Amino acid sequence: MNTDWKKLKLSYSGLPTWDSFIPYILEILNNGEETTRKVIVDRVLDYLGLPDDLRSKEYSKSESGQSILANRIGFALADLYKANAINRPKRAVYQITEKGNSLLTKYGDALTTEILQEQPEHKAYMEELELRNKRSKEKAGNSLEDQVSFTPSDAGDNPQEIVEKLINEQNNEVEIELLNKLRETDPIFFEKLVVKLLDTMGYSGKNGNVTVTTQSNDGGIDGIINQDPLGTSTVYLQVKRYAEQNVVGRPAVQGFYGALASVNADRGVFITTSSFSKGALEFAKNQGIVLIDGIQLTELMIEYKVGVEPAQEYVVYQINYDDFESEE
């Protein structure tokens, strides 16, 4: 592995480009330990011998306090995550995966973002992100082009719309990571989290309650929402923590319908971290069963702030014309 930063691909400013850090992040993570982002930045820069004056450079007018190089390593971490070369077991903590070790062994310091983008995991990530961005655009009725380019030709675009689009796209990436986290959780914990979401959404009503059934005696029902104190209005849940490729088919939804019939229920919600087959969707449509797939689940979690928290808030100001009105 190269250890001289001057041999990396450099930008016009003379600093290494973000993608040039990709193999070196894997190199300093190859011992398998869980490492914070700050430690990764320091170790990579130490490994490549970056001088202090370059390490301390910041973007002009930056209020984040983050150096340019730390920012660029952050972009490299994001691309590695998309290719499943690293994972995030905790907030701002990273760990190399088997995929990452394999890529490092095969390519060494010749590993590039182009190679990452050819990995099946990276392609699947980008396909899901494209789908989420499309859904966000349809929801917002956004007429902007798919790609935002800050050039003079964009002078006629509404800056606020551009900012909103960028925020939506960032949140969509968070949703993808959130869905991956849900698929890794313990099934019981996942059921409790889903029940918490529906409670937060107001399904339990003013004086109702939500419960998670015991595994040994759930009868195909994972959660119960009593929307009033007497339990006269009840919603039953089935929750499946499935991998992306494990599509929920018609038989599973029919089984849930049978479980609802056994308790004389006419309303149910079936939630999964994967998706539903066409047959499942058709059956549920006529049986009073609401189906929520992984994408819609994480959209709701973002909307109702369950499992997530605000990272940064930005305020857009406008003139308060009332302050300029003369008093009579």
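- Per an unreviewed UniProt entry, the chain goes by the name Restriction endonuclease and belongs to Marinilactibacillus psychrotolerans.

**Remarks on the nonpolar core**
- If you look at the biggest cluster of nonpolar residues, it comprises 38 residues, and the most contacted ones within it are I25, I40, V44 and I73.
- Per-element accounting of this core gives the leading share, eight residues, to helix α4 (residues 68-82).
- In this structure V44 touches F21, Y24, I25, I28 and I73, once residues within four positions along its chain are discounted.
- Of all hydrophobic cores here, the second largest spans 20 residues; its members include L178, V235, L237 and I292.

**Observations regarding unusual backbone geometry**
- Residues other than glycine seldom take positive phi values, yet N264 does so here, at roughly 55°.
- Take N264: it is sitting in the loop between α10 (250-262) and β7 (268-272).
- The class of N264 is exposed, set by a relative accessible area of 74%.
- One non-glycine residue, K305, adopts positive backbone phi at about 55°.
- Mapped onto the secondary structure, K305 falls in the segment after α12 (294-303).

**With respect to the pattern of salt bridges**
- In the structure shown here, the tally under the stated rule is 13 salt bridges.
- We note a salt bridge from E121 to K99, for which the minimum N-O separation is 3.3 Å. Linking E121 in helix α7 (residues 120-140) with K99 in helix α5 (residues 98-107), this pair joins segments that are 22 residues apart in sequence.
- A relative accessible area of 28% places E121 in the partly exposed class.
- Between R132 and E128 there is a salt bridge; the shortest N-O distance is 3.0 Å. Here E128 and R132 lie together in helix α7, a separation of four residues that amounts to about one turn.
- R132 sits in the buried class, given a relative accessible area of 0%.
- When its relative accessible area of 12% is taken as the criterion, E128 is described as buried.
- A network of salt bridges, in which partner residues are shared, links E128, R132 and E175.

The rules we used
- Residues numbered from 1 in each chain as written.
- Predicted model: local features only at pLDDT ≥ 70, side-chain atom pairs only at ≥ 80, totals over all residues.
- Heavy atoms only, no water.
- Core = buried A, V, L, I, M, F, W, Y, C linked by side-chain atoms within 4.5 Å.
- Buried < 20%, exposed > 50% of the residue type's maximum accessible area, 1.4 Å probe, protein only.
- Helix = DSSP H or I, 4+ residues; strand = E, 2+ residues; numbered from the N terminus.
- Contact = heavy atoms within 4.5 Å.
- Salt bridge = Lys/Arg side-chain N within 4 Å of Asp/Glu carboxyl O.

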